[in-house]
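# Coordinate analysis (summary)
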Amino acid sequence: MPRAPLWRAIVALVAVAASLYLALTQSPRLGLDLRGGTQIVLETKDSPTVEADADATRRAVEVLRQRVDALGVSEPSLTQAGDRRIIVELPGVQDPREASQVIGRTAQLSVHSVTEQTDRKDSSPPAADGSRTLPDPDRPGGHLKLGPTVLTGEGVKNAEAVLDQQSMNGWYVTLDFRGKAGGDWARVTGEAACAPQGAPERRVAIVLDDKVISAPGVNADVACKTGITGGSTQITGGFDEDEARDLAALVKGGALPVPVDVVEQRTVGPTLGADAIAASTQAALIGLALTALFITVVYRLLGALATLALALYGLMSYAALLAIGATLTLPGLAGFVLAIGMAVDANVLVFERAREEYLGPRAEGAAARARGTAGKSLPKALHTGFAKAWSAVIDSNVTTLLAAGLLFYFATGPVKGFGVTLSIGVLVSMVSAFVVTRVLAETAVRRGFVRRRPRLTGLATTGRVRSLLARREPRIVQHRRRWLGASALLVAVAVAGIALRGLDLGVEFTGGRLVEYSTSKQVDADTARKAVADAGFPRAVVQESGAGDITVRTGELSDAEQQQIKEALAEKGGGRATVERDEQIGPSLGDELRQKALIALGIAVAAQLIYLTVRFRWTFASAAVTAMAHDVLLVVGLFAWLGKTVDSVFLAAVLTVIGYSVNDTVVVFDRIREARRRDPRADLTATANKAVIRTLPRTVNTGMGALFVLAALAVLGGDSLADFSVALIAGVVLGMVSTVSVAVPVAVLLEKRKPKAPRGRPTSERRDRPASPLEARRRQRGTGAVV
């Protein structure tokens, strides 16, 4: 075996073995949308004395970590995101009310002497020394005037909830002080002990978050000026077990250095996550089986080997996710499946080009047959196919990676997982196609049994699409004004839908709350709508979703109000109601996400324009971006006319459509560039038309590979992936069509108006001249252009 194929075989074997080892020894880390639980995103705010910078947020994370640990949640996760955001993940927590109350409280604990008892309410803010007036917990309607702050929660060393088993007085919280805080406690209790029995001044107030949680009077046996010594005390207040434990957790965790607000909250039930995994797995298996069958029928032996390579590609992508410790979310799972479908693209690029190289004039119709060119042997044709497909694979994958990278940077929540898995899938697909598939294919075509039966490989047949095009030789590009007119009409319809019907923005972009309820008995939308209106929310949007579930979307909604809606649905004949999904987005975060979505789309367009200008010419780059904008507008217009929700998952679909649209266009442009290098003075329209005809079989075959997977996800993937799949199906179809109807016609028009001065003479005029060794080597290896 030659040295290069040997090294490729070794690399392929090592990659597969390492991937298999990781897959067997490690388990994936599932996101909360797949295993169930609650995610809370907190944002730190400036306090009068502390600025909410990165350091303050880091200290807040440590305080929150102690609080979460005290809650007893299994495998919690707390991470800092940026300077002011904290992401808290609580697996298995289905009712986030208690968690958000404990986590979100600032826990500003302070101890004050009581100076006076009054009935007058004073709403003025606390003085600089901490003096204030607060309601008396032991006397409804009464208030206590408090003196300066004596000590804070920072002086508390430990706090523990204890059940009084001797006197049976219920639960209380013990406090152990550190350092001089014990002396401060003795001093304030000693001063209170000097007041007469029953006087307000004999009480000591313990304040938590501007609320007096306990104001006990000092016992008669405490000596004046001596106080309670020993460095510990007890807080009593008629607590039950949960209240005592929560208070102990807050005090022990300490005070947050800065206040925090809940800007996002998501809850997913375990049943919904398990159903999503099962549905996505079923859709993936069916879609990939259809894709494998399709490429096997089209490319026969090489198609079967490509199917084996795709299976190994799936293994390597999965292992890569495990290796980097990525969290697998539901959109990420869809991205993983979609990447496998899109990985067919590189194999089809190679096989179609190898088919052309092998068939020679038979692949190009009557004009080529008249020239009498000859085809190549199977191994040489396959080698040339891999060599000349490389630049196309690089260009098309870079455009997809640009979109995936923007998605990872700008998206939030589970949608980030889509950007991660799509990026990994694209990178691994190049290894799969140019290492694994190449080793298998080159080994097969060198076998004598295969070389004697070239039709077995699939390269010796032109294929139905190519045969049809070769017979008719249609003049597609010559009718470019008709194509552009039809595309402009479709864009006008899409814009009309956006203007007349508007976009139904999801809670991620508008702020608010979306809750999906599952009821033990069937409840129709009208009944549910009336129940929600009777509960005090007449403006809420109530819809059916999934298998009889009810989705309620409204503006700001507290946890108590959400519970009220749940009870109303149960009372209206729904039996027992459970929360399957709960998403809450604050208005500030909604505005931020909406701005980020627009920025992401703008950067995506600019990045594609710059990259394609560098790789081709500004005329081709402008044409590709025009086709991309055409595809995005039509997908958005489709959702406007259908009234479907535009949310972060839709944004993921649109950015994927951008990458796919440019991917398809680049392949055609690369073929035009190759032809113009051979003959710069050839008619551009004829050159472009020939490029479209030659690459159309590849466009159809790769599009079918992706559509099989997307169709299966749309039908079997459930509500969570249905709209996502519909958007991508529309994008894939439009991407295939817009390359012919928009990108190539616009490129031809711009090139004719702003032509590039030809360099040198056509290849045919130089053919008889002796070439340099470098030129001879370049001709032997090919131009690097693609199908």
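Check the entry above for the structure.
Predicted model, so just to flag it, every value in this text is computed and none were measured. Here the residue numbering is sequential within each chain, running from 1 through the sequence in written order. Only residues with pLDDT of 70 or above have their local features reported here, since the model is predicted, and side-chain atom pairs are shown and tallied only from 80 upward, although totals for entire chains, interfaces and linings are computed over all residues. Excluded from the side-chain calculation are hydrogens and water; included are all heavy atoms of the structure.

### A few points about the packing of helix 15 (residues 480-501) against helix 20 (residues 618-642)
Convention adopted: a line fitted to C-alpha atoms gives each axis, helices being fitted over their contacting stretch, and angles between N-to-C directions are expressed from 0 to 180 degrees. Strands are runs of DSSP state E lasting at least 2 residues, helices are runs of H or I lasting at least 4, and numbering of each runs from the N terminus. Running from N to C, helix 15 and helix 20 point in directions that differ by 45°, and their axes come no closer than 8 Å. Our classification of the angle between helix 15 and helix 20 gives oblique. For the pair helix 15 and helix 20, the sense of crossing is left-handed. Contacts from Ser487, Leu490, Val491, Val493, Ala494, Ala496, Gly497, Ile498 and Arg501 of helix 15 reach helix 20 at His630, Leu633, Leu634, Val636, Gly637, Ala640 and Trp641. In this count, Pro and Cys sit with the nonpolar residues alongside Ala, Val, Leu, Ile, Met, Phe, Trp and Tyr, while Asp, Glu, Lys and Arg are called charged and the others, Gly among them, polar. Residue composition of the contact of helix 15 with helix 20, grouped by class: eleven nonpolar, four polar and one charged. Under this scheme an angle from 65 to 115 degrees is roughly perpendicular, one under 35 degrees roughly parallel, and one over 145 degrees roughly antiparallel; angles in between are oblique. Left-handed describes a crossing in which the near helix is turned anticlockwise from the far one by less than a right angle; the clockwise case is right-handed. By definition, residues are in contact when any of their heavy atoms lie within 4.5 Å.

### Topic: the packing of helix 20 against helix 21 (residues 648-678)
Where helix 20 meets helix 21, the axes come as close as 9 Å, and the angle between the chain directions of the two elements is 150°. Between helix 20 and helix 21, the interaxial angle falls into the category roughly antiparallel. The crossing of helix 20 and helix 21 is right-handed. Together, Phe620, Ala623, Ala624, Ala627, Met628, Asp631, Val632, Val635, Val636 and Phe639 of helix 20 and Phe650, Val654, Val657, Ile658, Ser661, Val662, Thr665, Phe669, Ile672 and Arg676 of helix 21 make up the contact between the two elements.

### A few points about the packing of aromatic side chains
Only rings of Phe, Tyr and Trp enter the pairing, Trp through its six-membered ring, and a pair is recorded when the two centres are within 6.5 Å. The plane angle decides the type: under 30 degrees is stacked, over 60 is edge-to-face, the rest tilted. Across all of its chains, the model carries nine aromatic pairs by this definition. Both rings, one in phenylalanine 639 and one in phenylalanine 650, keep their centres 4.5 Å apart while their planes meet at 40°; by these two values the pair is tilted. Taken as a pair, phenylalanine 639 in helix 20 and phenylalanine 650 in helix 21 lie far apart in primary sequence, eleven residues in all. Considered together, phenylalanine 639 and phenylalanine 650 belong to a single accessibility category, that of buried residues. Following the ring pairs from residue to residue traces out a cluster consisting of Phe386, Trp390 and Phe434. Exposed residues in this analysis have more than 50% of their type's maximum accessible area, buried residues have under 20%, and partly exposed residues fall in between, with area computed by a 1.4 Å probe over protein chains only.

### Considering the pattern of salt bridges
The term salt bridge refers to a pairing of a side-chain nitrogen on Lys or Arg with a carboxyl oxygen on Asp or Glu at a separation within 4 Å. On inspection of all chains with the given rule, the structure shows 31 salt bridges. With a closest N to O distance of 2.9 Å, arginine 438 and glutamate 442 form a salt bridge. One end of the pair, arginine 438, and the other, glutamate 442, are both in helix 12 (residues 415-445), four residues apart, so they sit about a helical turn from each other. With respect to class, arginine 438 is no different from glutamate 442; both count as buried. Measuring nitrogen to oxygen at the nearest pair gives 2.5 Å for the salt bridge that ties glutamate 751 to arginine 617. Remark: arginine 617 occurs in the loop between helix 19 (587-615) and helix 20 and glutamate 751 occurs in helix 23 (residues 719-753); sequence separation between them is 134 residues. As far as burial versus exposure is concerned, glutamate 751 and arginine 617 are alike and both buried. Members of the salt-bridge network, linked through shared partners, are Arg353, Glu356, Glu357, Lys388, Arg671, Glu674 and Arg678.

That's the geometry; what it means functionally is another story.
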